[in-house]
Amino acid sequence: MFVIGELINGMYKNVAAAIREKDGAALRALARQQVAAGADALDLNCGPASADPVADMRWLVETVQQEVPVMLSLDSTKPAAIEEGLKVARNRCLINSTSADKEKLQVYIPLAKKYGSCLIGLMMDRKGVPQDKDRRLELAAQILESTQDAGFPSQDVFLDPILLPVNVAQNQLFDILEVIRECRLLTSPAPKTVVGLSNISQGAKLRKLVNRTFLVMAQAQGLDAAILDPLDKDLMEAMAASELILNKTIYCDSFVEAYRKSRGA
Ligand code: THG
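Attention now goes to the sheet that holds strand β2 (residues 41-45). Taken together, eight strands build a closed barrel; the order of strands is β1-β2-β3-β4-β5-β6-β7-β8 and the barrel is parallel. Each neighbouring strand pair of the sheet contributes to a mean axis angle of 25°, computed without reference to strand direction. The sheet contact formed by strand β1 (residues 2-9) and β2 spans four bridges and is parallel. Counterpart to I4 in the pairing with β2 is A41. Against the sheet, helix α2 (residues 24-36) contacts β1 and β2, and its axis sits at roughly 160° relative to β1.

Structural data, given as structure tokens:
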């Protein structure tokens, strides 16, 4: 599993404050802790309260890469903010994200090609998030058709079925698990899949239990990557046990410790 740390997001009050006050030390600590806990990449999102998303994204990238050498996931709805991040990033980035709308794909695919980035494609369009499995797969196919037409490698596309909260859209979660398995069949080489894991438990009780249970179920469907809280130890241990059961890692008595070390944690 490719782990993208979710904690540098202006959705969190402490992060919004650190961005507003340009408190680099606070963000570098969050970056260091997530990588030390096993994150392979970090999601960077200025949050809805940012007065200047372009300048804030530049500052986030510059600040975080002083501390850790990992891939950055530039999470913004504004192409100008994403491009600003791409310009200053030293390492390869993930563009987070495009929808399946043609006019969005026409902007983001050339950007991903220009900077050699990976691209997260959301299975939604201007009409919103689909309610059913077939429509999600249709949108995934549209995204892949556009990337293939542009000569962009399908294995650098991360398809996101959009995880909705269990207390809002409980009846869609099983469909989403099936979509994760089936969208790998859309192209060869296969695209990758990613979810924003914590979405599933927003507003729910026992959030961590819900998060880690969904994660292991999605791993069984072949999920490649997740935006999650790497500081959640039980979650990271469930992920390790799941990889063991799926025969992705070799059993040893200290498999959790071995897994932590294998991710440089
Ligand atoms: N897909 C993609 N990118 C994404 C998402 C996705 N980026 C953002 C988000 N979803 C993933 N990141 C988070 C980060 C935090 C939370 C959920 C998803 C979260 N935050 C607490 C809450 O809202 O309850 C904040 C609590 C606080 O304020 O302290 O749950 O799906 N491609």
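Back to the write-up after that little detour.
D75, N96, D160, N199 and R207 are the nearest of the 15 residues found near the ligand. One of the side-chain N or O atoms of N199 is found 2.6 Å from an oxygen atom in the ligand. A total of 660 Å² of accessible area belongs to the ligand in isolation, and the protein chains cover 77% of it. Taken together, the elements giving at least two residues each to the shell around the ligand come down to β1 and β5 (118-122). Grouping the amino acids of the shell around the ligand by side-chain chemistry returns five nonpolar, six polar and four charged.

So, about the environment of N91. Summarising the element assignment, N91 is placed in the loop between α4 (79-88) and β4 (93-98). Residue N91 is classed as partly exposed on the basis of its relative accessible area, which comes to 33%. As for N91 and L72, which are separated by 19 residues in sequence, their C-alpha atoms are 7.5 Å apart. Those residues in contact with N91 that sit more than four places away from it in its chain are P69 and V70. Polar contacts involving the side chain of N91 include one to the main-chain carbonyl oxygen of P69, which spans 2.9 Å.

All told, the structure shown has zero disulfides when counted by the stated rule. Here C118 is not disulfide-linked; the sulfur of C93 is the nearest cysteine sulfur, at 9.6 Å.

Tallying each qualifying case throughout the model produces one aromatic pair. Geometrically, the ring pair formed by Y251 and F255 is tilted, given 6.0 Å between the ring centres and 45° between the ring planes. Here the basic side chain of K22 rests over the ring of W59, its NZ or CZ set 5.2 Å away from the ring centre.

Cut-offs used in this document
- Residues numbered from 1 in each chain as written.
- Predicted model: local features only at pLDDT ≥ 70, side-chain atom pairs only at ≥ 80, totals over all residues.
- Heavy atoms only, no water.
- Pairing = 2+ DSSP bridges.
- Helix = DSSP H or I, 4+ residues; strand = E, 2+ residues; numbered from the N terminus.
- Axes fitted to C-alpha atoms, helices over the stretch in contact; angles between N-to-C directions.
- Contact = heavy atoms within 4.5 Å.
- Near = heavy atom within 4 Å.
- Polar contact = N/O pair within 3.5 Å; in protein donor to acceptor, adjacent residues only side chain to side chain.
- Areas by Shrake-Rupley, 256 points an atom, 1.4 Å probe, with all protein chains shown as cover.
- Nonpolar A, V, L, I, M, F, W, Y, C, P; charged D, E, K, R; others polar.
- Buried < 20%, exposed > 50% of the residue type's maximum accessible area, 1.4 Å probe, protein only.
- Disulfide = S-S within 2.5 Å.
- Phe/Tyr/Trp six-rings, centres within 6.5 Å; stacked < 30°, edge-to-face > 60°.
- Lys NZ or Arg CZ within 6 Å of the ring centre and 35° of its normal.

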